[in-house]
Amino acid sequence: MADESRPIPVKAPETPSGGSERPDRGDRRGPRPSGPGGPGGPRGEGGPGGRKYFRRKKVCKFCVEKIEAINYKDVRLLAQFVAESGKIVPRRLTGVCTPHQRRLSSAIKQARNIALLPFAGRAS
């Protein structure tokens, strides 16, 4: 009975190279392609003969224009932050700060509920 409760040691299979350690993963991968966050990213230079890429920092429209309250009845303002499909545009695309994005989304939802804004875009 004492033999049954004791775990049986299992030997790890050895790799063909002789060692049981895993090879370093960094050696197998090639160089990464430079993407938006890599070398030559937002502040970097373009490719050979290309222009320098510069993205302007987005600023909150409501903070700049000192708009205190976002009114759900102001359809012209709210429509700028709703995509053609009817979705609320995310703040990383519009540049609106977090507190204003929260107020904006609740104002859009209020305007949708009283039929000032559509819930969905046009059917195609």
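Structural notes, computed from the coordinates. (Residues numbered from 1 in each chain as written. Predicted model: local features only at pLDDT ≥ 70, side-chain atom pairs only at ≥ 80, totals over all residues. Heavy atoms only, no water.)

Judged by nonpolar contacts, the single largest core of 14 residues is most densely connected at Phe62, Ile70, Leu78, Phe81, Leu104, Ile108 and Leu117. Each residue touching Leu78, except ones within four places of it in the same chain, is listed here: Ile70, Asn71, Tyr72, Leu104, Ala107, Ile108, Ala111 and Leu117. (Core = buried A, V, L, I, M, F, W, Y, C linked by side-chain atoms within 4.5 Å. Buried < 20%, exposed > 50% of the residue type's maximum accessible area, 1.4 Å probe, protein only. Contact = heavy atoms within 4.5 Å.)

Attention shifts here to the environment of Ile70. Here Ile70 shows up in the loop between helix H3 (61-64) and helix H4 (75-79). Placed 34 residues apart in sequence, Ile70 and Leu104 show a C-alpha to C-alpha distance of 6.4 Å. Ignoring sequence-local partners within four residues, the contact set of Ile70 consists of Phe62, Leu78, His100, Arg103, Leu104 and Ala107. (Helix = DSSP H or I, 4+ residues; strand = E, 2+ residues; numbered from the N terminus.)

This brings us to helix H6 (residues 98-113). Here H6 spans 23 Å end to end across 16 residues, near enough to the 22 Å set by a 1.5 Å rise per residue. By the burial criterion, the buried members of H6 are His100, Gln101, Leu104, Ser105, Ala107, Ile108, Ala111 and Arg112. Projected down its long axis, H6 carries its buried residues within an arc of 165 degrees, all on one side. Facing away from the buried side of H6, by more than 90 degrees, are the exposed residues Arg102 and Asn113. Taken together, the buried residues of H6 touch H3, H4 and helix H5 (91-94). Looking one or two residues past H6, Ala115 carries a phi angle of roughly 65 degrees, positive in sign. (Expected span 1.5 Å × (residues − 1). Arc of directions from axis to C-beta.)

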